[in-house]
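Tertiary structure, described
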Amino acid sequence: MKDNFSERLLYVMKLKNIRQRDIANGANVSKSLISQYISGKFKPKTDKLYKIAEALNVSPLWLAGYDVPMLNKKEE
């Protein structure tokens with residue numbers, strides 16, 4: 001299983017067929033910032049992590065690399 005933010009972000013994007021632009025719009029961040037997260041150049045700060053996780057409908061802790069279920073409890 002993927003174990004860092006950029007790998008998990010790419011994994012969810014492929015799994016759900018979501019583009020960078022879709023995440024950027026859903027999380028209200030720039031597409032270039034999403035691109036930098038994917039490349040591993042930067043890791044998101046907590047507020048951005050939660051916005052991105054919400055836009056992707058996944059657990060923010062999972063997205064951050066923790067060993068927790070990918071989906072939020074309400075989604076299981």
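Placed above this text is the structure.
Residues numbered from 1 in each chain as written. Predicted model: local features only at pLDDT ≥ 70, side-chain atom pairs only at ≥ 80, totals over all residues. Heavy atoms only, no water.

Evaluation of the coordinates by the stated rule reveals one salt bridge. We note a salt bridge from R19 to D22, for which the minimum N-O separation is 3.2 Å. Assessed through its relative accessible area of 30%, D22 is described here as partly exposed. (Salt bridge = Lys/Arg side-chain N within 4 Å of Asp/Glu carboxyl O. Buried < 20%, exposed > 50% of the residue type's maximum accessible area, 1.4 Å probe, protein only.)

Secondary-structure assignment places T46 in helix α4 (residues 46-56). With a relative accessible area of 55%, T46 lands in the exposed category. Distance from T46 to P60, taken between C-alpha atoms, is 8.9 Å for residues 14 residues apart in sequence. (Helix = DSSP H or I, 4+ residues; strand = E, 2+ residues; numbered from the N terminus.)

Attention now goes to helix α3 (residues 31-39). Since the α-helix turns once every 3.6 residues, residues separated by three or four places project in the same direction. Listed in full, the buried residues belonging to α3 are L33, I34, Y37 and I38. Take α3 and look down its axis: the buried residues cluster within an arc of 140°, on one side only. Those residues of α3 that are buried lie in contact with α1 (5-16), α2 (20-27) and α4. Phi for G40, located one or two positions after α3, is positive at around 85°. (Arc of directions from axis to C-beta. Contact = heavy atoms within 4.5 Å.)

Taken as a whole, this structure holds two aromatic pairs when the rule is applied. Judged by centre distance (5.7 Å) and plane angle (90°), the rings of F5 and Y37 are edge-to-face. With a gap of 32 residues between them, F5 in helix α1 and Y37 in helix α3 connect regions that are remote in the sequence. Here F5 and Y37 have matching classes, each one buried. With 6.2 Å between their ring centres and 55° between their planes, Y11 and W62 make a pair best called tilted. Pair noted here: Y11 is in helix α1 and W62 is in helix α5 (residues 60-63), with a separation of 51 residues, a long-range link. (Phe/Tyr/Trp six-rings, centres within 6.5 Å; stacked < 30°, edge-to-face > 60°.)

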